[in-house]
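Chain by chain, the residues:
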Amino acid sequence: MVVIDTEVSIDKKYLPMTIEVPSNWESISPKICVFLTHGAGGDKDFHQLVALSIKLAESGYMCARFTCKGLNIKYRTRAYVEVVRHVCLKYSSLTGCVFAGRSMGSRAALMAANCISKSPNQPKSEISDKHSEQTLQPAKRKRKHSERNSKCDVKPKPDLCENCHAVHPPSCNTLGVICLSYPLHPVGGKELRSQPIFEANVPVIFLSGTNDDMCDLPTLETILTTAFSNQNNCRGWINERKYFLPPSIVCRATSLSSFSNHDNLDDNQSQAIARLTEAYRNHGHKLADVNPLNHFDKPTVVELDPACYGLKLDEKLSQEQENLLVKDVVDGLKAIYCGSISLETSTVECSLEKEWLFSCFAETQARELPHDLKRQICKLMVKSQNLDNFLGTKFPTLKRYGGEGAESMLPFFHQFLHSVCDSGVEQVFVGTAHRGRNNLLVGQLNFPLEVMFRKIKGLSEFPESALSIATGDVLSHLNISADLDMEGGRKLHVNLLGNPSFLEAVNPVAAGKCRGRQQTLGEGPHKGSKAVCLLMHGDASFTGQGIIMECFNMTKLPGFDVGGIVHLIINNQLGFTTPSELGRSSPYASDIGKMIGCPVIRVNGDEPEQLLKAAEIAAKYRHEYKKDIIIDMLCYRKWGHNELDDPTFTQPLMYRDIHGRQSVPDKYTDKLIEAGIVDKNTVDQWIENSMAHWNSLLKKCDNYVPEPIYLAPDSPWGKMSLPNVNHVTTWDTGCHGDELRYIGAKSVEVHEDFAMHEHLTKSHAEARVEKLQTDSLVDWALAEAFAFGSLLNQGYDIRLCGEDVGRGTFSHRHAVFTCQQSGNYHIPLNHMLEDQKAQIEVVCSLLSEEAVTGFEYGMSIENPDRLVIWEAQFGDFFTGAQIIFDTFITSGEAKWMYQSGLVVLLPHGYDGAGPEHSSCRIERFLQGTNSSEDSIDGDGVNISVCHPTTSAQYFHLLRRQMVRNFRKPLIVVSPKILLRLPAAMSHMKDFQPGTHFLPVIGDSSVKEPQRVKKVVLCSGKHCYALEKERSKLIKTEVINQSDVAIVKLEELCPFPAAELQRELSKYQSAEAYVWSQEEPRNMGPWTFVSPRFENLLGVKLKFAGRRESAAPAVGIGGLHRQEVEKLMKETFA
């Protein structure tokens, strides 16, 4: 392809233009030139045109690309004609031209085509020889005006066209015009506004209707390759008719069926009706009757005015049916697109996808629901309302966060489950907040009401055997994992996850667990066929919480894709006491979904049948395209934030309307009674039976023994056990040397045609093999590879996720190699054996902490046979995910009995990096444990916090996570400088069978422990600085060889009291015990270890470290060195 940068002058104004010519242009027949331009669009328009022109040039079209931006409206058509003339003069062999444009550029294209086609060809004008086809060369970018070597000065001619004020090209076979986002209403001055919107003397294709739409590149390429094919030696027009209309433009309403075939209309009516229809598709949602409260004024949408298209409401549309008027068309379009359900596809990029959506929308709208289904959804809502009334009567002070005002979510949920089951889905994972949660649990998921009543009375939702671990959660956070009986004898497993009060935090957890189940079920790259995710949101949190954006950003990434998520916004139009106009800047609560081109179905919450239809459309769309879709259900909250809150303090007008309304269930019931579909006696019987049943359960609930819903025998967790709360168990995690050497060699093996980076080949791959052959010391990365490979050999899957984890933040890991020639990735550990089943998934994540960490936690609670690791780029990055750590990782087991083996790697160390990249805030994790200060810890402690100092210790920690018979989150305070420090490397014997993780490592350099006067205790890489300082003091004879012993705490929690007792008993003559740490006194392990040493071991520690500080570390290099010097003096004083 030859790229030519040139320009055309118009009244001494230079119009830059780029021509892309296929490299085989001479051999191409027919020769078609596509002229591409846009009007006042921004960078997005420009970059799309660049990409499109390059793509078309590669497909055999010449492309002349230019912009009308910045030109007066009167100059746009003239500019277009001058560009066409310039190209036609220089490429006289052109078979035909296609004019294309976006926005106002499309109008310029159409006007230019009309103008050229009206008049005879003009005589050939003089033009400089500089632009002969043989001498055209790519021009240099950003050249000075004086250096322009490709300028085209078209001299003004006396025979200018009266319309465009330009000289027409000598010959131009105009094949047609393609209008992308043609403006629907006139623009410009009074003279232009008086002109018709458009007139056409040439064939025209309208690919979209408004400036808001963006036509995707594949669609335009398809139009070009099909519209100009096999007609008279040139790519003739696809249709003999002047206007080619996409099938979806054909109106589907019954009242519009008579003109669904445009042949009986004249051309002007045909294109006007088509464009009016397209306008309703794109803008009808703005006038839709989707707000049950109607306390907002509807906007004026000029695009929906028939007059914009030259139509009058009383105008007749055909002679065959004299009574069919434009008004009938408008009424039909309003019924489809402006009713109690609407569809917005403004950011859906693929035109075929849009067509599918509108087709499905129209078909679903036209279908009447069977009476049995209507009775079923009526019963669901009546029982839901009855449950709220029952709980409100029996427990008047209860904050139940009922579903009153949003009962239509139950038909939605009901239909969604049935639709996904019909498509072959076996499991559904649901994340939702508190409002309406109990209605969903009882009405749809068979949650035992006895447990709910026990909870309300202050009793446990768990059996007695779990109370050594479980502390439970509040009523509005209850969860369930249920197997539902569906039609045809099928089973559908539904897991409603426990959620915290931090709104939307459950979203990535549900998505992560869904992806984990997809992997367990063996779903391939096209996920979502067996397990799906449904997320239910509040309107205020959906627009207010940043985790929503993070989750949307994840949805199309290969490491986080779950095959599309269905989102239901329960839009109360109120966030606690904040109205929507003060809670968001966007028109709709769903607008954040536009960042990924998410279609939105907006529904009136007073119309349960429409919610059912929306659920059906959403389920079909997700199944068809494996993408996210949003249903925005506008409803209301009958009471305040909870039932004890008075909302009239802040929203008197809204609640005057709400309190004067008939409830959604009552309104729908009356509708069915009036239609004869259900009778009042039947409804009364539903209520009476429910009340009697619930009263019976309430009386029995005190003696009810809850069933364990955790570690279910029929699930992968059935082989797990509850941890022993009385002591910490030790597990043999060693492996045979031959196996580890094999794993180590395979971890850097690539196939012959894979071009590894030269530096990695020498310093990483070859160096590792040499280490293995000579049994040299094992560094951190190799120890990790040993752990990963050995666990894979045992059948455990592994997922390693985080920013830059493939290479490693400090370029030490290299678990993934990139071919230097093809750019392909290769993970050697997935190719250790020919029939290897277990796999490691290495996911370099998006720049997110909260959503990604939540996703990984969800993966970890799905299956105990998957080692899930999240690594922070630097240790303090975890603070961006503090909500996930506080509400899930550290407390999930206590609240919901979710066991998790998630490993969190947090690089930590005071190396002079400054306040932000030095500390992983160990103190926060230690504060979040339930370790006791005055009793011995057992395996039941909620999380493990470890600070390993050798590569072998890290190896054993990773393996311990999987070989023991329970799961606990592991926080690894991981190293930076230790990754390559020889002193931190381990011998092969430290990995052998019979070895295990050591919670405490004594001082092997002290040969006479009975002579030790001072015992220094520490954790992490600080021990190596202490050992270096001690050697210096011994060498200078400041202290003796046996004066000071250095003991390392490798595991801070569970606190290793027994191991410390054994180690400290060696030093009978010790007079002082010092805790030395790098962190300031108000940070690090000090406040955690000090009371435990005193209470459990009878040892009073002296502190040696930095003084209290607001920031974790200083940012002044000189001050950092002073602190280190002071720290060492205090430790050995």
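What counts as what
The written sequence of each chain sets the order in which its residues are numbered from 1. Confidence filtering applies because this is a predicted model: local features only for residues at pLDDT of at least 70, side-chain atom pairs given and counted only at 80 or more, and all residues used for totals across whole chains, interfaces and linings. Water and hydrogen atoms play no part in the side-chain values, which are based on all heavy atoms of the structure. Numbering of helices and strands runs from the N terminus, with a helix taken as a DSSP run of H or I at least four residues long and a strand as a DSSP run of E at least two residues long. Three labels apply to residues, based on accessible area from a 1.4 Å probe with only protein chains included: buried if under 20% of the type maximum, exposed if over 50%, partly exposed otherwise in between. Contacts were defined at the residue level, with two residues in contact if any of their heavy atoms lie within 4.5 Å. Residue-level accessible areas treat just the shown protein chains as cover; the underlying method is Shrake-Rupley with a 1.4 Å probe. For the purposes of these results, a polar contact is taken to be a pair of N or O atoms within 3.5 Å, where, inside protein, one atom must be able to donate a hydrogen and its partner to accept one; residues adjacent in sequence count only when each atom of the pair is a side-chain atom. In this scheme Phe, Tyr and Trp rings, the latter by its six-membered ring, pair at centre separations within 6.5 Å, and the angle between planes marks the pair as stacked below 30 degrees, edge-to-face above 60, and tilted otherwise. Charge over a ring is defined by NZ of Lys or CZ of Arg lying within 6 Å of the ring centre and within 35 degrees of the ring normal. The arc under discussion is defined with respect to the helix axis, by the directions toward the C-beta atoms. The rule for pairing is simple: two strands pair if DSSP sees at least two bridges between them. Think of each axis as a best-fit line through the C-alpha atoms, taken over the contacting stretch in the case of a helix, with angles from 0 to 180 degrees between the N-to-C directions. The length a helix should cover is 1.5 Å for every residue beyond the first. One side-chain nitrogen of Lys or Arg within 4 Å of one carboxyl oxygen of Asp or Glu is enough to make a salt bridge. Side-chain atoms within 4.5 Å are what join buried Ala, Val, Leu, Ile, Met, Phe, Trp, Tyr and Cys residues into a set we call a nonpolar core. In this charge count, Lys and Arg are treated as positive and Asp and Glu as negative; neither His nor the chain ends contribute. Oblique is the label for any angle not under 35 degrees, not over 145, and not in the 65 to 115 range, which are roughly parallel, roughly antiparallel and roughly perpendicular in turn. Two helices that cross are described as forming a left-handed crossing if the nearer one is turned anticlockwise from the farther one by less than a right angle, and a right-handed crossing if clockwise. Three categories are distinguished: nonpolar for Ala, Val, Leu, Ile, Met, Phe, Trp, Tyr, Cys and Pro, charged for Asp, Glu, Lys and Arg, and polar for the others, with Gly belonging to the last. A crossover counts as right-handed when, viewed with the strands pointing away from the observer, the path leading from the first strand over the helix to the second turns clockwise. How sure the predictor is of each residue is captured by pLDDT, a score from 0 to 100.

Asks: So what exactly am I meant to see when it comes to the overall build of the chain here?
Replies: Regarding its fold elements, the chain presents 32 helices and 33 strands. Here the chain holds 1133 residues, and the buried ones make up 60% of them. In the chain, 80% of the contacts between residues at least 6 apart in sequence involve partners at least 24 apart. Total accessible area computed for the chain in this model is approximately 46500 Å², and 50% of it derives from carbon and sulfur atoms.

Asks: Can you walk me through the side chain of Thr 949 in this structure?
Replies: Of note, Thr 949 is situated in the loop between strand S26 (944-946) and helix H28 (951-963). Within the structure, Thr 949 has its side chain in polar contact with the side chain of Glu 1050 (distance 2.8 Å). If we skip the residues at most four places from it in the chain, Thr 949 touches Trp 780, Leu 978, Ala 984, Ile 1001, Gly 1020, Lys 1021, Cys 1023, Tyr 1024, Lys 1048 and Glu 1050.

Asks: For this particular structure, what's the right way to read the packing of aromatic side chains?
Replies: The geometry of an aromatic ring pair comes down to the distance between the two centres and the angle between the two planes. Under the criterion given, the structure shown has 29 aromatic pairs. Seen from their ring centres, Phe 786 and Phe 991 are 5.6 Å apart, and the 85 degrees between their planes marks the pair as edge-to-face. Highlighted residues: Phe 786 in helix H23 (residues 780-793) and Phe 991 in the loop between strand S27 (970-974) and strand S28 (1000-1001), separated in sequence by 205 residues. One exposure class covers both Phe 786 and Phe 991, and it is buried. Ring geometry for Phe 1055 and Phe 1093: centres 5.6 Å apart, planes at 80 degrees, overall edge-to-face. With a gap of 38 residues between them, Phe 1055 in the loop between strand S31 (1051-1053) and helix H30 (1057-1064) and Phe 1093 in helix H31 (residues 1086-1097) connect regions that are remote in the sequence. Across the pair, Phe 1093 and Phe 1055 agree in class, each one buried. The ring of Phe 560 has Arg 799 sitting right over it, with the charged end atom 5.3 Å from the ring centre. Above the plane of the ring of Phe 1088 lies Arg 1092, whose end atom (NZ or CZ) is 3.7 Å from the centre.

Asks: Mind showing me how you'd approach helix H19 (residues 664-674) here?
Replies: In an α-helix there are 3.6 residues to a turn, and that puts residues three or four apart on one side. Inspection of H19 places Val 664, Pro 665, Tyr 668, Thr 669 and Leu 672 among the buried residues, and these make up the whole buried set. Seen from one end, H19 has its buried residues packed into an arc of 125 degrees, which puts them on one side. Of the surrounding secondary structure, the elements contacted by the buried residues of H19 are helix H9 (371-394), helix H17 (608-625) and helix H20 (680-700). Where H19 ends, the next residue or the one after it, Gly 676, has phi of about 75 degrees, a positive value.

Asks: Just to check I follow, could you spell out the sheet that holds strand S19 (residues 629-634) for this structure?
Replies: Sheet strands associate in pairs through backbone hydrogen bonding, adopting either a parallel or an antiparallel arrangement. One open sheet accounts for eight strands, arranged S10-S18-S19-S15-S14-S11-S13-S12; its pairing is mixed. Edge positions in the sheet fall to strand S10 (341-344) and strand S12 (480-485), since each of these pairs with one other strand and no more. Mean inter-strand twist for the sheet, computed between neighbouring axes without regard to direction, equals 20 degrees. The pairing of S12 with strand S13 (residues 491-496) spans six bridges and is antiparallel.

Asks: What exactly am I supposed to notice about helix H13 (residues 506-520) here?
Replies: Look at H13: 21 Å from first C-alpha to last across 15 residues, which is about the 21 Å you get at 1.5 Å a residue. Counting buried positions along H13 yields 13 of 15 residues, so the element is predominantly enclosed. With its phi angle positive at about 80 degrees, Gly 522 sits one or two positions after the end of H13.

Asks: Teacher, can you tell me more about the sheet that holds strand S23 (residues 840-844) here?
Replies: The strand order across the open sheet built from seven strands is S23-S20-S24-S25-S27-S26-S31, with neighbouring strands paired in mixed fashion. In this open sheet, the two strands that pair with only one neighbour each are S23 and S31. Across this sheet, the average inter-strand angle for adjacent strands is 20 degrees, counted without regard to direction. As defined by bridge partners, strand S24 (residues 866-871) adjoins strand S25 (residues 903-907) across three bridges and the pair is classed as parallel. Opposite Trp 870, over in S25, you have Val 904 as the bridge partner.

Asks: Sorry, what's going on with the pairing of strand S4 (residues 62-66) here?
Replies: Along any regular strand, the residues point their side chains to alternate faces of the sheet. For S4, the buried fraction is high: five of the five residues fall into the buried class. Pairing of strand S2 (residues 13-21) with S4, which is carried by four bridges, proceeds in the antiparallel orientation. For Glu 20, the partnering residue across the bridge sits in S4 and is Cys 63. Pairing between strand S3 (residues 32-38) and S4: four bridges, direction parallel. Bridging from a neighbouring strand, Cys 33 pairs with Met 62 of S4.

Asks: I'm lost on the environment of Gln 839 in this one. Help?
Replies: Mapped onto the elements of the fold, Gln 839 is located in the loop between strand S22 (825-826) and S23. Once the C-alpha coordinates of Gln 839 and Ile 827 are considered, the two residues, twelve residues apart in sequence, prove to be 9.7 Å apart. Not counting residues within four places of it along the chain, the set of residues in contact with Gln 839 comprises Leu 792, Asp 797, Ile 798 and Asn 830.

Asks: Can you help me understand the pattern of salt bridges in this one?
Replies: Pairing between side chains of opposite charge can happen when their charged atoms approach one another. Within the structure shown, the criterion is met by 52 salt bridges. Where Lys 594 meets Glu 344, a salt bridge forms, and the shortest distance between an N and an O atom there is 3.1 Å. Of this pair, Lys 594 sits in the loop between helix H16 (580-583) and strand S18 (600-604) while Glu 344 sits in strand S10, placing them 250 residues apart in sequence. Residue classification places Lys 594 among the partly exposed positions, given a relative accessible area of 30%. The class for Glu 344 is buried, based on a relative accessible area of 5%. We note a salt bridge from Arg 490 to Asp 422, for which the minimum N-O separation is 2.8 Å.

Asks: What exactly am I supposed to notice about unusual backbone geometry here?
Replies: Residues apart from glycine generally show negative phi values, whereas peptide bonds are mostly found in trans. With omega at -5 degrees, the peptide bond leading from Ser 29 into Pro 30 counts as cis. Looking at the secondary structure, you find Pro 30 in the loop between S2 and S3. Here Cys 1053 and Pro 1054 are connected by a cis peptide whose omega angle stands at 0 degrees.

Asks: Before we go on, may I ask you to explain the nonpolar core in this structure?
Replies: Note on soluble globular proteins: their nonpolar side chains tend to be buried together. Counting residues in each nonpolar core, the largest one holds 85 residues, and the members touching the most others are Phe 416, Val 428, Phe 453 and Ile 631. With eight residues, helix H10 (residues 409-422) is the largest single contributor of residues to this core. Listed in part, the 76 residues of the second largest apolar core include Leu 535, Cys 1053, Trp 1086 and Leu 1101.

Asks: Could you clarify how one ought to interpret the side chain of Asp 876 in this entry?
Replies: With respect to the secondary-structure elements, Asp 876 resides in the loop between S24 and helix H25 (882-889). Arg 921 is the oppositely charged side chain nearest to the buried, salt-bridge-free Asp 876, at an N-O distance of 7.3 Å. Residues in contact with Asp 876, not counting those within four places in the same chain, are Pro 915, Glu 916, His 917, Ser 919 and Cys 920.

Asks: Any chance you could explain the packing of H23 against H28 here in plain terms?
Replies: Packed helix pairs are specified by the crossing angle of their axes together with the interaxial distance, meaning the distance between the axes. Their axes nearest at 8 Å, the elements H23 and H28 cross at an angle of 20 degrees. Looking at the two axes, H23 sits roughly parallel to H28. H28 is crossed by H23, and the crossing has right-handed handedness. Contact with H23, carried on its side by Trp 780, Ala 783, Glu 784, Phe 786, Ala 787, Phe 788, Ser 790 and Leu 791, involves Ser 951, Tyr 954, Phe 955, Leu 958, Arg 959 and Met 962 of H28 and no other residues of that element. Considered class by class, the residues forming the contact of H23 with H28 number ten nonpolar, two polar and two charged.

Asks: Honestly, the packing of H13 against helix H24 (residues 850-860) in this entry has me stumped. Any pointers?
Replies: Packing of H13 against H24 brings their axes to within 6 Å, and their N-to-C directions diverge by 45 degrees. The angle between H13 and H24 falls in the class oblique. Seen along the crossing, H13 lies across H24 with a hand that is right-handed. Along the contact surface, H13 presents Pro 508, Val 509, Ala 511, Gly 512, Lys 513, Arg 515, Gly 516 and Gln 519, while H24 presents Ala 851, Gly 854, Phe 855, Tyr 857, Gly 858 and Met 859. Residue composition of the contact of H13 with H24, by class: seven nonpolar, five polar and two charged.

Asks: Which parts of the structure should I look at to understand the environment of Ser 1031?
Replies: For Ser 1031, the position within the fold is in helix H29 (residues 1022-1035). Put simply, Ser 1031 and Gln 1041 are ten residues apart on the chain and 8.4 Å apart in space, counted from C-alpha to C-alpha.

Asks: Can you walk me through the pairing of strand S33 (residues 1102-1106) in this structure?
Replies: Most of S33 is tucked away: four of the five residues are buried. You can see the chain leave strand S32 (residues 1072-1080), run along H31 and come back into S33, and the turn it takes is right-handed.

Asks: Looking at this structure, I do not really get the confidence of the model for the chain. What am I missing?
Replies: Interpreting fine coordinate detail is not advised for predicted regions of low pLDDT. Looking at the chain as a whole, its pLDDT mean stands at 85, while 86% of the residues score no less than 70. Note that residues 228-263 has pLDDT below 50 and, in this model, 93 contacts with residues that lie over four places away or in other chains.

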